[in-house]
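In case you want the letters, here they are:
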Amino acid sequence: MAHNPGRLSWQEIATTQAGVITIRDAVTAGIPRTEIRRRLNDGRWRQPFRGVLITDLVPTAGPQHLWAVVQAIGPDAVLAGGCAAALAGLVGYDTQPVTVLVPADRRVSAPPGVLLRHSARLQITEIDPLRLPRRTTPTRSMIDMAEWAVSRALAQDLLADAVHQRIATVRGLREALSRRGPISRRTLITETLDRLGADAPHLTEIMFRRIERRQELPPASYRVEGQPDEPTSRLTVRYEPWRVRVEVESTASQPVAQGGPGQDTLVRLPARLLRTAPDDAAAIVAGALRERGWVPPTARPHQALAS
């Protein structure tokens, strides 16, 4: 078969698509239909969907199946929802069936085992520009997952895990929600993002300083690791004279204090504890400080007045 300069061969096309190519592209690249039929008949190739060929039979799942789905639906098909989120790294959720978005005015039949959804508001900025096959960005994928979840509780868990697994940021999810258009769970998603944002360091620091004043804890230095408006970032509070360090983060499940002779005391606090039980959080920090020799103002002996 002669090679046409300036045009990709069918092998080059298939290689970039996990071994998948449409019959149209294969013919355009120069392979006769009789040869395509021959390779299908002798088992060297496979046709999973109408108009789609799999030329590499070794990988039978994963990216190859997704490429076949997208190619079967057409050039405007975009992987979405749980499938796209899983490709972005989200773990712990069922990604079946494969979900594909197409424009609202597109009429096409879904291949077997594929859920087809229509969208009138899918912008080019909501399609991941760096990864193939075409898929929605992680933030759009998570908003869609929350909207399509079978329950409100699952929708909330999805958003929380997306943030804690660093698939998306609260800010990015808010922006994706603003572009999403009318959806039934807008209020639920907004409230969930507000609760997640309440664990961000800049709000956590405000709550911590309030606790310090109320409990008369000694002055401390503050440092934020990461974005101050993201709950996955960490607030570190240091009480240098007493060698006590407090780390506040949303991913901590339980308060923990550790340290020994010759070591700094490290106190880890869940960010939610400052909201739900501020006195308990203050007691834990005060206890670590007292073990290091700090004396609360109320326990200090009164100095005699000068005569």
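Residues numbered from 1 in each chain as written. Predicted model: local features only at pLDDT ≥ 70, side-chain atom pairs only at ≥ 80, totals over all residues. Heavy atoms only, no water.

Caption draft 1: Main features of the overall build of the protein chain. A tally of regular secondary structure across the protein chain gives 12 helices and 10 strands. Projected onto the principal axes, the alpha-carbon positions of the protein chain cover approximately 115 × 45 × 30 Å. Of all 307 residues assigned to the protein chain, the portion counted as buried reaches 44%. Partitioning the contacts of the protein chain with sequence separation of at least 6, the portion at a separation of at least 24 is 49%. Counting every atom, the protein chain has about 16,400 Å² of accessible surface; 52% of that belongs to carbon and sulfur. Computing the positive centroid from 41 side-chain charges and the negative centroid from 31, the protein chain places the two 5 Å apart. (Helix = DSSP H or I, 4+ residues; strand = E, 2+ residues; numbered from the N terminus. Buried < 20%, exposed > 50% of the residue type's maximum accessible area, 1.4 Å probe, protein only. Contact = heavy atoms within 4.5 Å. Areas by Shrake-Rupley, 256 points an atom, 1.4 Å probe, with all protein chains shown as cover. Lys, Arg positive; Asp, Glu negative; His and termini not counted. Charge placed at Lys NZ, Arg CZ, Asp CG, Glu CD.)

Caption draft 2: Inspection of helix α6 (residues 138-148) at higher detail. Most of α6 sits inside the fold, with nine of its 11 residues counted as buried. For α6, every residue scored as buried is listed here: T139, R140, S141, M142, I143, D144, M145, A146 and E147. On its buried face, α6 is in contact with α5 (81-87), β4 (98-103), β5 (114-119), α7 (152-164), α8 (170-179) and α9 (186-197).

Caption draft 3: Region of interest: the packing of aromatic side chains. Scanning the model with the defined rule gives two aromatic pairs in all. With a centroid separation of 5.0 Å and an interplanar angle of 65°, the aromatic rings of W10 and W45 are classed as edge-to-face. Taken together, the residues W10 in helix α1 (residues 10-16) and W45 in the loop between α3 (33-41) and β2 (52-54) connect sequence positions 35 residues apart. Measuring from centroid to centroid gives 6.2 Å for F208 and Y222, while their planes differ by 80°, and the two rings are edge-to-face. Placement of F208 in helix α10 (residues 201-215) and of Y222 in strand β6 (residues 221-225) is noted, with a sequence separation of 14 residues between them. Y222 shares its class with F208; the two are buried. Its guanidinium or amino end placed over the ring of W148, R117 lies 4.1 Å from that ring's centre, counting from NZ or CZ. Directly above the ring of Y222 sits R209, whose terminal nitrogen or CZ lies 3.9 Å from the centroid. (Phe/Tyr/Trp six-rings, centres within 6.5 Å; stacked < 30°, edge-to-face > 60°. Lys NZ or Arg CZ within 6 Å of the ring centre and 35° of its normal.)

Caption draft 4: Main features of the side chain of R39. The topology assignment puts R39 in helix α3. Here E35 takes part through its side chain, which lies 2.7 Å from a polar atom of the side chain of R39. Once residues within four sequence positions are removed from consideration, R39 is found in contact with W10, I31, R44 and W45. (Polar contact = N/O pair within 3.5 Å; in protein donor to acceptor, adjacent residues only side chain to side chain.)

Caption draft 5: Up close: the pattern of salt bridges. For the coordinates displayed, the defined rule picks out 21 salt bridges. Within this structure, R223, E225, R234, R245, E247 and R268 form a network of salt bridges that share partners. (Salt bridge = Lys/Arg side-chain N within 4 Å of Asp/Glu carboxyl O.)

Caption draft 6: Looking closely at helix α4 (residues 63-73). Most of α4 is tucked away: eight of the 11 residues are buried. Two residues or fewer past α4, G74 is found with a positive phi of approximately 130°.

Caption draft 7: Here's a closer look at the sheet that holds β5. Strand order across the open sheet formed by three strands is β3-β4-β5, with mixed pairing between neighbours. Of all strands in the sheet, those with a lone pairing partner are β3 (78-80) and β5, marking the two edges. Each adjacent strand pair in this sheet contributes to an overall mean axis angle of 40°, direction not counted. Relative to β4, β3 runs antiparallel, the two being bridged by three bridges. Of the residues in β4, the one forming a bridge with V78 is L101. Its contacts with the sheet place α6 against β3, β4 and β5, and it is angled at close to 105° to β4. (Pairing = 2+ DSSP bridges. Axes fitted to C-alpha atoms, helices over the stretch in contact; angles between N-to-C directions.)

Caption draft 8: The arrangement of the sheet that holds strand β10 (residues 265-270) in detail. Read from one edge to the other, the open sheet built from five strands follows the order β6-β7-β8-β10-β9, with strand pairing classed as mixed. Every interior strand has two partners, whereas the edge strands, β6 and β9 (256-258), have only one. Each adjacent strand pair in this sheet contributes to an overall mean axis angle of 15°, direction not counted. The pairing of β9 with β10 spans three bridges and is antiparallel. Considered in β10, the bridge of A257 is made with V267. With respect to the sheet, helix α12 (residues 278-291) is in contact with β7 (234-239), β8 (244-249) and β10, its orientation differing from that of β10 by roughly 180°.

Any link to function would need more than the numbers given here.
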